[in-house]
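Descriptive structure summary
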Amino acid sequence: YRSGQLLSHVYPDVPQALRDWHDCGIRLYIYSSASAQAQRLIYGHTIAGDLTPLLSGYFDTRMGHKREVMSYRRIAASIDTEPRHILFLSDVRAELDAAREAGWQTVWLVRDASPPLAASHRRATRFDQIPVCE
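These lines cover the structure that appears in this document, whether it is placed above or below. What you see as residue numbers is a count from 1 along each chain, following the sequence as written. This being a predicted model, a pLDDT of at least 70 is required before a residue's local features are given, and a value of 80 or more before pairs of side-chain atoms are given or counted; all residues contribute to the totals for chains, interfaces and linings. To obtain the side-chain values, all non-hydrogen atoms of the structure were used and water was disregarded.

1. Things to note about the overall build of the protein chain
Numbering of helices and strands runs from the N terminus, with a helix taken as a DSSP run of H or I at least four residues long and a strand as a DSSP run of E at least two residues long. On a plain count of helices and strands, the protein chain comes out with four helices and five strands. When the helices and strands of the protein chain are listed from N to C terminus, the series reads α-β-α-β-α-β-α-β-β. The size measure is the radius of gyration over C-alpha atoms, and the globule rule it meets is 2.2 Å times the number of residues to the 0.38 power. In terms of overall dimensions, the protein chain is globule-like: its C-alpha atoms have a radius of gyration of 15 Å, near the 14 Å expected for 134 residues. Dimensions along the principal axes, computed over C-alpha positions, put the protein chain at roughly 45 × 30 × 30 Å. Counting across all 134 residues of the protein chain, residues that qualify as buried make up 39%. For every residue, the accessible area obtained with a 1.4 Å probe (protein chains only) is divided by the maximum for its type, and the residue is called buried under 20%, exposed over 50%, and partly exposed between those limits.

2. Focus: the side chain of Thr106
Structurally, Thr106 can be placed in strand 4 (residues 105-109). Definition of a polar contact: a pair of N or O atoms within 3.5 Å, with one able to donate and the other able to accept a hydrogen when the atoms are protein atoms, and with sequence-neighbouring residues admitted only if both atoms are side-chain atoms. At 2.8 Å, the side chain of Thr106 and the side chain of Arg100 are in polar contact. At 2.6 Å, the side chain of Thr106 forms a polar contact with the side chain of His121.

3. Comments concerning the packing of aromatic side chains
Aromatic rings from Phe, Tyr and Trp, with only the six-membered ring used for Trp, were paired whenever their centres fell within 6.5 Å, and each pair was classed as stacked if the ring planes differed by under 30 degrees, edge-to-face if by over 60, and tilted otherwise. This structure, assessed with the given rule, holds six aromatic pairs. With a centroid separation of 5.6 Å and 40° between ring planes, the pair formed by Tyr29 and Phe59 is classed as tilted. Taken together, the residues Tyr29 in strand 1 (residues 29-31) and Phe59 in strand 2 (residues 57-59) connect sequence positions 30 residues apart. Take Tyr29: its relative accessible area is 27%, and that puts it in the partly exposed class. For Phe59, a relative accessible area of 11% translates into the label buried.

4. Some thoughts on the state of the cysteines
For the purposes of this analysis, a disulfide is any pair of cysteine sulfur atoms at a distance within 2.5 Å. This structure, assessed with the given rule, holds one disulfide. With a sulfur-sulfur separation of 1.9 Å, Cys24 is cross-linked through a disulfide to Cys133. The disulfide joining Cys24 to Cys133 has a torsion of about -55° about its S-S bond and is therefore left-handed. Here Cys24, found in the loop between helix 1 (13-23) and strand 1, pairs with Cys133, found in the segment after strand 5 (122-124); they are 109 residues apart in sequence, far enough to count as distant. Among the residues examined, Cys133 registers a relative accessible area of 36% and is labelled partly exposed.

5. Here we look at the pairing of strand 4
In terms of residue burial, strand 4 counts as a mostly covered element, since four of its five residues are buried. Strands are labelled as partners when DSSP assigns at least two bridges between them. As paired strands, strand 3 (residues 87-90) and strand 4 are joined by four bridges and run parallel to one another. By the bridge assignment for strand 4, Phe88 is matched with Thr106. You can see the chain leave strand 3, run along helix 4 (residues 93-101) and come back into strand 4, and the turn it takes is right-handed. Note on handedness: a crossover is taken as right-handed if, strands pointing away from the viewer, the path from the first strand over the helix to the second is clockwise.

6. Points about the pattern of salt bridges
For salt bridges, the criterion is a side-chain nitrogen of Lys or Arg within 4 Å of an Asp or Glu carboxyl oxygen. Applying the stated criterion to the full structure yields five salt bridges. Asp60 is paired through a salt bridge with Arg62; the nearest N and O atoms lie 3.0 Å apart. Since its relative accessible area comes to 6%, Asp60 is described here as buried. A salt bridge links Asp128 to Arg126; its shortest N-O distance comes to 2.8 Å.

By themselves, these observations are geometric and do not establish any function.
This is the structure we're talking about:
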């Protein structure tokens, strides 16, 4: 990463959406199966540049498995935010289900194929389709 030979892929709509959300005062966090250290490298070296100044923190599986409700409760407590005020984006239904059960709002990101409908989750194909700064 440091040499610039390895850059992380991000969809074209992601950097501007993150900037817009950050600029309107929304705290942005990443919850990934990758370690927090790996996340810093991934988001610090993207094809769109360093996105880490836009991010408030990183969570990994030390919080628990991404398909477990308690993981989302732990994250909400650690950022001192009511679950109903947290929006979670994922392309994995089981993760969305766990976040929803923990009281979070959810958006199912469907970039390519059309998975089976899940009435309990809003859907979007791009980050800029998710209105969060209203």
